[in-house]
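So the chains spell out like this:
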Amino acid sequence: MQLGLGFAVRFKIFISLKEGVLDPQGKAVERSLHSLGYQEVQGVRMGKYIEVNLDLASRQEAEARIREMCERLLANPVIEDYRFEIEDEKPSAASKNRAES
Amino acid sequence: MQLGLGFAVRFKIFISLKEGVLDPQGKAVERSLHSLGYQEVQGVRMGKYIEVNLDLASRQEAEARIREMCERLLANPVIEDYRFEIEDEKPSAASKNRAES
Amino acid sequence: MSQAERSQPLLTPEIIASHGLSEEEYQKIVKALGREPNYTELGVFSVMWSEHCSYKSSKRLLKLLPTEGPAVLQGPGENAGIVDIGGGLAAVFKIESHNHPSFIEPYQGAATGVGGILRDVFTMGARPIASLNSLRFGAFDHPRTRYLLCGVVAGIGGYGNCVGVPTLGGELFFDECYNSNILVNAFTLGIAKKKRIFRGRAKGIGNPLIYVGAKTGRDGIHGATMASEAFSDEAEKRRPTVQVGDPFTEKLLLEACLELMDKDCLVGIQDMGAAGLTSSAAEMAARGGTGVEFELSLVPLREKGMTPYEILLSESQERMLLVAKKGSEEEVKSIFNRWDLDAVVVGRVTRGGLFRALFHGQEVVRIPIEALTSAAPVYSRPAERPEGHDEAQKLDLRKIQEPDDLGAVLKQLLDSPNIASKEWVYRQYDHFVRSNTVVAPGADAAVIRIKGTDKGLALTADGNSRYCYLDPYVGGVLAVAEAARNLACVGAHPLGLSDCLNFGSPEKPEVMWQFSQVVQGMRDGCVGLGVPVVSGNVSFYNETDGRPIHPTPVVAMVGLLPKVARCVTPWFKTAGDLVVLLGRTREELGASEYLRVVHGLVKGTPPWIDLASERAVQQCCLRAIERGIVRSAHDVSEGGLAVALAECCIGGPEKALGARIETHEMMRADALLFGESQSRIIVSIKERDLGRLREITGKEGAPLRVIGVVGGTRLIIQPVIQAPVDELKSIWSSSLERRLK
Amino acid sequence: MRWGVIVFPGSCDDQDVYDCLKHVLGQKVEFVWHRDNLQADFDCLVLPGGFSYGDYLRAGAVARFSPIMRGVVEYASRGGLVVGICNGFQILCEAGLLPGVLTRNASLQFVCRHVYLRLEETDTPFTCAGKKGQVLKLPVKHGEGCYYADPTTLERLRQNRQILFRYVDAKGRTSAAANPNGSLDDIAGVCNEGRNVFGMMPHPEDATEKILGSDDGLKIFSSIAAAGKEREKGARVG
Ligand SMILES: Nc1ncnc2c1ncn2[C@@H]1O[C@H](COP(=O)(O)OP(=O)(O)O)[C@@H](O)[C@H]1O
Ligand SMILES: [Mg+2]
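Residues numbered from 1 in each chain as written. Chains lettered and ligands numbered in written order. Predicted model: local features only at pLDDT ≥ 70, side-chain atom pairs only at ≥ 80, totals over all residues. Heavy atoms only, no water.

1. Describing the overall build of chain C
1) Next: Within chain C, the secondary structure is distributed over 27 helices and 28 strands.
2) Next: Its C-alpha atoms give chain C a radius of gyration of 26 Å, near enough to 27 Å, the size a compact globule of 741 residues would have.
3) Next: When the backbone C-alpha atoms are referred to their principal axes, chain C occupies close to 85 × 55 × 45 Å.
4) Next: Split into buried and exposed, the 741 residues of chain C put 66% on the buried side.
5) Next: Contacts spanning at least 24 positions in sequence make up 85% of the contacts within chain C whose residues lie at least 6 apart.
6) Next: Entry remark: accessible area of chain C is about 24900 Å², with carbon and sulfur atoms responsible for 50%.
7) Next: Of the side chains in chain C, 83 bear a positive and 88 a negative charge, and the two mean positions are spaced by 5 Å. (Helix = DSSP H or I, 4+ residues; strand = E, 2+ residues; numbered from the N terminus. Rg over C-alpha atoms; globule rule 2.2 N^0.38 Å. Buried < 20%, exposed > 50% of the residue type's maximum accessible area, 1.4 Å probe, protein only. Contact = heavy atoms within 4.5 Å. Areas by Shrake-Rupley, 256 points an atom, 1.4 Å probe, with all protein chains shown as cover. Lys, Arg positive; Asp, Glu negative; His and termini not counted. Charge placed at Lys NZ, Arg CZ, Asp CG, Glu CD.)

2. Focus: the coordination of the magnesium ion (ligand 2)
Residues and elements named next belong to chain C.
1) Next: Ligation of the magnesium ion (ligand 2) by protein atoms is provided by Asp444 (OD), Asn486 (OD1) and Asp635 (OD), these donors lying 2.1 to 2.2 Å from the ion.
2) Next: Counting along the primary sequence, the residues that act as donors to the magnesium ion (ligand 2) give the motif D-x41-N-x148-D. Taken together, the residues Asp444 in the loop between strand E14 (437-439) and strand E15 (446-449) and Asp635 in strand E23 (residues 632-635) connect sequence positions 191 residues apart. Judged on exposure class, the residue Asp444 and its partner Asp635 are both buried. (Donors = N, O, S within 2.8 Å, 3.2 Å for Na, K, Ca; no water.)

3. Remarks on the site of ligand 1
Residue and element names in this part refer to chain C.
1) Next: The local shell around ligand 1 holds 18 residues, among which Asn133, Gly442, Ala443, Asp444 and Asp462 are the closest.
2) Next: A distance of 3.2 Å is found between an oxygen atom of ligand 1 and a side-chain nitrogen or oxygen belonging to Ser637.
3) Next: Those elements giving two or more residues to the shell around ligand 1 turn out to be strand E4 (127-137), strand E5 (167-174), helix H18 (423-426) and helix H20 (472-490).
4) Next: Looking at the shell around ligand 1 element by element, the count peaks at four residues for E5.
5) Next: Tallied by class, the residues present in the shell around ligand 1 amount to seven nonpolar, six polar and five charged. (Near = heavy atom within 4 Å. Polar contact = N/O pair within 3.5 Å; in protein donor to acceptor, adjacent residues only side chain to side chain. Nonpolar A, V, L, I, M, F, W, Y, C, P; charged D, E, K, R; others polar.)

4. Comments concerning the pairing of strand E28 (residues 721-724) of chain C
All names here are of chain C.
1) Next: Residues of E28 alternate between two faces, with Ile721 and Ala723 buried on one and Gln722 and Pro724 left unburied on the opposite face.
2) Next: Note that strand E27 (residues 714-718) and E28 share four bridges and pair antiparallel. Paired with Ile716 across the two strands is Gln722, which belongs to E28.
3) Next: Between E27 and E28, which pair antiparallel one after the other, the connecting turn spans two residues. (Pairing = 2+ DSSP bridges.)

5. Comments concerning the sheet that holds strand E17 (residues 493-502) of chain C
Residues and elements named next belong to chain C.
1) Next: Pairing in this open sheet of six strands is mixed, and the strands run E14-E15-E16-E21-E17-E18 from one edge to the other. The sheet is open, and its two edges are formed by E14 and strand E18 (533-539), each paired on a single side. Going from strand to strand, the sheet's axes swing by 20 degrees on average, the running direction of each strand aside.
2) Next: Sheet topology note: the strand E16 (residues 456-462)/strand E21 (residues 552-561) ladder contains seven bridges and is antiparallel. Directly across from Leu457, in E21, lies its bridge partner Leu560. (Axes fitted to C-alpha atoms, helices over the stretch in contact; angles between N-to-C directions.)

6. Remarks on the pattern of salt bridges
1) Next: Tallied over the entire structure, the rule returns 82 salt bridges over all chains.
2) Next: C:Glu78 serves as the salt-bridge partner of C:Arg287, at 3.9 Å between the closest nitrogen and oxygen. Taken as a pair, C:Arg287 in helix H12 (residues 276-288) and C:Glu78 in the loop between strand E1 (72-74) and strand E2 (81-86) lie far apart in primary sequence, 209 residues in all.
3) Next: Judged by relative accessible area, C:Arg287 falls into the partly exposed class, the value being 24%.
4) Next: Note on C:Glu78: relative accessible area 9%, which makes it buried.
5) Next: Residues D:Glu121 and D:Lys132 are paired through a salt bridge, measuring 3.4 Å at the closest nitrogen-oxygen approach. With D:Glu121 in the loop between strand E6 (111-119) and strand E7 (135-142) and D:Lys132 in the loop between E6 and E7, this pair connects stretches of sequence that are 11 residues apart.
6) Next: What emerges from the salt-bridge pattern is a single network uniting D:Arg118, D:Glu120, D:Glu155, D:Arg158, D:Arg166 and D:Asp185. (Salt bridge = Lys/Arg side-chain N within 4 Å of Asp/Glu carboxyl O.)

Right, here's the structure in full:
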């Protein structure tokens, strides 16, 4: 674990398929839900959910870095959109507890 | 698309691995982020992000149904936890626009 | 109180019982130690003395199996068996079960099963080049079957494909006896240089023990089921019972280990499989006649606060334990680091035969290696023929009405998931990677070439549990015979086999009876056909709703083709070829798929076998293939002659070809068409080669009968069946997919 | 001609490519480690199939950041020949050397079987030894081979004749059944605008000897070898 630099948070990142891009997995899940009797379900879309801990000097910096990671690695801009949220804002220590290693 | 029954919303469902369960994907992403220079990232966990539209009589009913779907199909209770949120609460029409089919 | 002591709760009778140890066994432990064990030691004993590691109920009977043969380089007792394939090369192979984990979480259970068997093979210095999988599920319409089947198949593919080892065949069988206890047996074969074979031996006092691969987590610790006071509920919750496979790490581990094996630093190596660090260290020390000593705080951990107990018993995947030459530590580390893997010295080989583990310098385990291995309990459990057995074997054919429309029966059988094409399964497995695949899945046996030689290897997995249920002895013989026959059909001479014995609880006398009968049958089959057993695995306690599964031995056999280019496939090639049946058809319907599918009966006795005739038929097929006169060869198995003929017509990757068949046996038509008499092979030949084939069968003493001619668009079996082959093909090839939609 | 086969952690078909180039075609071939710098004097680079970095995020997404890829991009920009097979194709798309992306198969299952491909263009180094419309039989084996590009990109691919292979049946006709993964427009392989970078999902290296069920894969490697020779000649003259 790195030294806390002040702004340590857990980010939640959501990667979803762009509108118009086919989502066979979402379709398959929808079909299974229907066949299980959940007829009321529509428009199922499948995406990825990524949680990361970040430890940086400021919120702006953290957000800028996350945006970069999404654009460079986590999402493929040809087919995917991304969005992220901060889980909560606590001092470094809190986030350290949650970290794994 | 079903007839609106009053309470039509988009649910966001997050499926993540239970604590302690090995997450090879998260581990690989973390390593790759580090090698790209994002040393400040820790504790990456990968999960699934599912969006569904639901059209039911009440919020309670919708939540109960979603919970059931998660337990029966969407999450694998042996290794995964789930969580869900309501995106927004609008009359049926709004949700219809967003639905795909 | 030190950290080490805090994690050592006092032992109560409940804790002991929850470790699966009997009072008697516990007393044995106390005697072996000369004192009471501590909590961690109890854990170590419990895994080492478990059925899985100690083979305590099966050991005595397994001694019956023949394990020697001219090609055998390593028989049972190591991580995998080894046979000589000539040219300085050896084939290393083994089969293993992963039944219970696959039932709990089908994808991960099956995936980690594949991971485990791969490690068993590359740990010996062999590069894995082929896998098989043998699968048993409950009734197709059972509510969980579909979920389990899809998960297991995806898991096997997900792991094997990613590691780059082709999955070339296997078995898939459905029966309600597996409703709550599926079977997932995984087999892998690798090729090694004879001179560079490695074994799991801890030798050389002072040599370092090096831990390589993934970090250790709380996965798969037996204690998960245990209601001990040792852990708060919180801690219990953190211990997942399911291990998640990481095939990418496995691939790195495989490459790094093989690279290391090319150097001169390795003394011994073993994967950490069941019972993790404990069993790999104890077994290596036992084989090396040495002791081992660990500092557990050096073990790379994935989670915080793990106790010595958890570290020793964790079954985290993708880990290996090496014994390296003193002084080569840095070289080992640099190879593993190149592959982005941890390599950490965690202990050393010691004199005096002790298993010692320290945690932050404090001794937490001190057990004589012998007590864990050779002194583990061995039982001769009571065996008794079950009461209802006579009743199950009774079959009065006179009471079974012959169906009017035998063509419809053929279609019904081709549609039965047990007989239908398994393409839905093997399409999900990479069967091309390594570019050796000469005969892909779908034939009687898969064939791979050995690069750089003219040779090939053939692989098959077989075992009919319905036969074993109705007569375990005969079932055991037939499992071996069918596997060898499948090899003969492609033109391969058997070199050896690996077996996985899946049974119910050994504490039930009727299960022990089945087990001993099956083993005796397999022994006689092996002796009669000259095939040694070089490795294997026993899986007991397979029970479904309190009732044992049918006894299910799976025989994975490996054969050699001196000239791989000569290999033969089952399907008809050219119109005008003669269809010839080698072997004799008897009026036998007991235990058949026909009886079950059409009459709803699992009854009677399995088909008769005489090993001399079996051998003669196989020899004929091999000789004829060697002479180059066989255009296709396919054995008759489940579904009988009619199904086998249909498969010859429709089973190939190209367009289906019809045939016109005439048989004149004096017996019930259903028995003739769908009975499962053994020792039969359908071959097709050019008409001009009939004389040469007769010469061979005459010499070997095998019955030969010309039964028809290849050609046309229909399968005609005079006078009862006339069916367009396209229709048969579409039924047979879409059955699984249609049911899974 | 000197070939380089790049080895990423998780590459599986690297040895297959190496063996067929060396033993079947008698070419000079070397493995290139993902962490090394690229030496300039290769005549063709192959990015082989497999599961680089486990393909745990998206196929090819992590491998494109391997140190070697800087060299590959630069090599390609100088006109060097680059071939990506399966995972290699996915990596080239992720790296932006080829347009589009390879997504999860429409069946949602891994698919391993022989397919037929129609050769669509012959004026590339990868297909020059073939005939237009010719049908090749090659294996596919992938879980994420469904080619996708946005409509503008697709239109550009068609106009520039960058689609080199399409999935067809044995008779050379496209159909849903012949397309193993749901690829847009039945696309099995594309090249870049410069026609020196090429990616395909099927595996020519596993179909280079009759005994393996097909030797049609040789068409692609021998095209490249022929083109390489031409280039050498050109270089000598020029
Ligand atoms: N689980 C499986 N995985 C891969 N291939 C399989 C599996 N089950 C069956 N197959 C393949 O399908 C074909 C038919 O299997 P089977 O009916 O058991 O053959 P046989 O009766 O000759 O033993 C064989 O080639 C076999 O390898
Ligand atoms: Mg067979």
